[in-house]
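# Examination of the molecular architecture
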Amino acid sequence: MIDDEQGIREGSKRALSSQGYLVDTAENGDQGLEKIQQIDYDLVLLDVMMPGISGIDLIEKIHEVDPETVIIIITGYATVEMAVRAIKQGAYDFLTKPFSVDDLLLVVQQGLERRRLMLETKRLQMIEVEAKKLSEEKARLEELDRAKMQFIRLVTHELQAPIAAIQTYIKLILEGYVTPDKLQSTLEKCLERAEEQMTMIRDLLELGRAQVVEQRLSEGAIHLDEILNNLLDGLQNQAREKGLEFRVNIQENLPAVLGNAERFRSVWQNLIDNAIKYTNQGYVEVNLYAENGKVIGEVKDSGIGISEEDQQQLFREFFRAKNAKATQQPGTGLGLTIVKRIIEGMGGEIQVQSRLGEGSKFVFSVPAIT
Ligand code: ADP
């Protein structure tokens, strides 16, 4: 109860206390506000005309402390204009002086009921928000579960193929269907399929390591140009053996990025390997530069290209385009999945631009450390 008239303060306090309410009083706005900042009151009875800060101006300050505090304005003369102003400011009700104990109790009761409803509504809204969050999280986990199961089915299927082929070759040999002159080549085919399976298992292990969680554990400032430079000799030889021109443009003084150097080797290795593997004539070009707070890498080739339809699926596990399979080049379809996971784990992204029969360009960007 904030009122400069002692009689009204004391009288109201007595009337309300006798009903079991806990009442504090203040004789002016500043004193009242000080108390309100210390204790969370359910309801404030507020005189409009007081020396110092006016009741109307206090309304906003009280609501800054607790927007659900119910404020009842006490006024000596209630004008419509005053009522409109007070309600606009956020007051809930009026009490006109002089008022009876019954008037006071009624308006306080209604005010407290209002407060109870407001708090209840707020609580329900919070529960609703929480329930919505939980159901979204549940849906996300279910989706993840589905994706995992699908992945396991896919892996099992892919791992079965080479073993099934090896089994067939061995059965043919054991049952005497392979003539001595064909034995050598049949065993070589067995070996090829076994190697294919080894590569796939190696890639699967790498894919597991590329998971975001583990990557975060061993992150530091790394230099993508250094990692690339260390790989260049080997890759250059690979390109030369196929008669391809190999071009590298690295901008000087590149900023570092946050990541794991060992892991990032796979990005360069996979992208440039692919460019060489799927290009029969022309060039392979690697560009590395910084732009807008990002380090950007491009791997370009004049190779077989990727159809627009296949570009949509390129980063999916085990996906290999028809024209890539037709080249008879070995592959698991896991390389680009690994690359994407590593890049995204670093907060970056990767995209592809390509035209069938003309060549491809893979562009990735990762945030630079500033
Ligand atoms: P793979 O082991 O088959 O090379 P990747 O995951 O590295 O697996 O690549 C997936 C598929 O994307 C390839 O099989 C191929 O169809 C396509 N691809 C990737 N890089 C290139 C490229 N530079 N040129 C043409 N096709 C590419």
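A short tour of the structure in this document, coming up. Bear in mind that the values here come from a model prediction, so they are computed numbers and not experimental data.

## Describing helix α1 (residues 6–17)
Helix length check: α1 (12 residues) gives 16 Å between terminal C-alpha atoms against 16 Å at 1.5 Å per residue, within 8%. Restricting attention to buried positions, one finds in α1 the residues Ile8, Arg9, Ser12, Ala15 and Leu16. Buried residues along α1 cover an arc of 145° about the axis, so they all sit on one side. Across from the buried face of α1, at angles greater than 90 degrees, the exposed residues are Gln6, Gly7 and Arg14. Buried residues along α1 sit against β1 (43–47) and α5 (101–174).

## Examining the pattern of salt bridges
In total, this model carries 22 salt bridges according to the counting rule given. Two residues, Arg115 and Asp40, come together in a salt bridge whose shortest N-O distance is 3.8 Å. Here the residue Arg115 occupies a position in helix α5, and Asp40 occupies one in the loop between α2 (29–38) and β1, the gap between them amounting to 75 residues. Linking Glu317 and Arg341 is a salt bridge whose minimum nitrogen-to-oxygen distance equals 3.3 Å. Here Arg341 lies in helix α12 (residues 335–345) and Glu317 lies in the loop between α10 (308–313) and α11 (322–326), a separation of 24 residues in the sequence. Among the residues examined, Arg341 registers a relative accessible area of 25% and is labelled partly exposed. Taken together, the salt bridges that share partners define one network made up of Asp3, Glu5, Asp47 and Lys97.

## Looking at α2
Within the sequence span of α2, burial applies to Gly29, Gly32, Leu33 and Ile36. Considered in projection along α2, the buried side chains sweep an arc of 95° and stay on one side of the axis. Across α2 from its buried face, at more than 90 degrees, point the exposed residues Asp30, Glu34 and Gln38. In the core, the buried residues of α2 are packed alongside β1 and α3 (55–65).

## Considering the sheet that holds strand β2 (residues 70–75)
Spatially, 3 strands are ordered β1-β2-β3 in an open sheet, and the strand pairing comes out parallel. If you trace the sheet from one side to the other, it starts and ends with β1 and β3 (93–96), each paired once. Sheet twist, expressed as the mean angle between neighbouring strand axes with direction ignored, is 25°. One ladder, built from 4 bridges, connects β2 with β3; its direction is parallel. Among the inter-strand pairings, Ile72 is bridged to a residue of β3, identified as Asp93.

## Focus: empty space enclosed by the protein
Applying the stated criterion to the full structure yields 1 cavity of 30 Å³ or more. Empty space within the largest cavity amounts to approximately 30 Å³. In this structure, the largest cavity is lined by Ile36, Ile39, Asp40, Tyr41, Ile62, Val65, Asp66 and Thr69. Broken down by class, the residue content of the lining of the largest cavity amounts to 5 nonpolar, 1 polar and 2 charged.

## Some points on the site of the ligand
Surveying the vicinity of the ligand reveals 21 residues, the closest of which are Asn274, Asp301, Arg320, Thr332 and Leu336. In this structure, Ser360 approaches the ligand through a side-chain N or O atom, which is 3.4 Å from a nitrogen atom. Contact with the protein chains covers 98% of the free accessible surface of the ligand, which is 530 Å². Within the residue set of the shell around the ligand, elements represented by two or more residues are α9 (261–277), α12 and β10 (359–367). Take the shell around the ligand: its biggest share by element is 3 residues, from α9. Of the residues belonging to the shell around the ligand, the class tally is 11 nonpolar, 7 polar and 3 charged.

Rules used in this analysis
Residues numbered from 1 in each chain as written. Predicted model: local features only at pLDDT ≥ 70, side-chain atom pairs only at ≥ 80, totals over all residues. Heavy atoms only, no water. Helix = DSSP H or I, 4+ residues; strand = E, 2+ residues; numbered from the N terminus. Expected span 1.5 Å × (residues − 1). Buried < 20%, exposed > 50% of the residue type's maximum accessible area, 1.4 Å probe, protein only. Arc of directions from axis to C-beta. Contact = heavy atoms within 4.5 Å. Salt bridge = Lys/Arg side-chain N within 4 Å of Asp/Glu carboxyl O. Pairing = 2+ DSSP bridges. Axes fitted to C-alpha atoms, helices over the stretch in contact; angles between N-to-C directions. 1 Å grid on protein atoms, 1.4 Å probe; cavity = no way out; pocket = protein on both sides within 12 Å on 5 of 7 lines; lining within 4 Å. Points joined across faces, edges and corners; volume = space filled by probe spheres on them. Nonpolar A, V, L, I, M, F, W, Y, C, P; charged D, E, K, R; others polar. Near = heavy atom within 4 Å. Polar contact = N/O pair within 3.5 Å; in protein donor to acceptor, adjacent residues only side chain to side chain. Areas by Shrake-Rupley, 256 points an atom, 1.4 Å probe, with all protein chains shown as cover.

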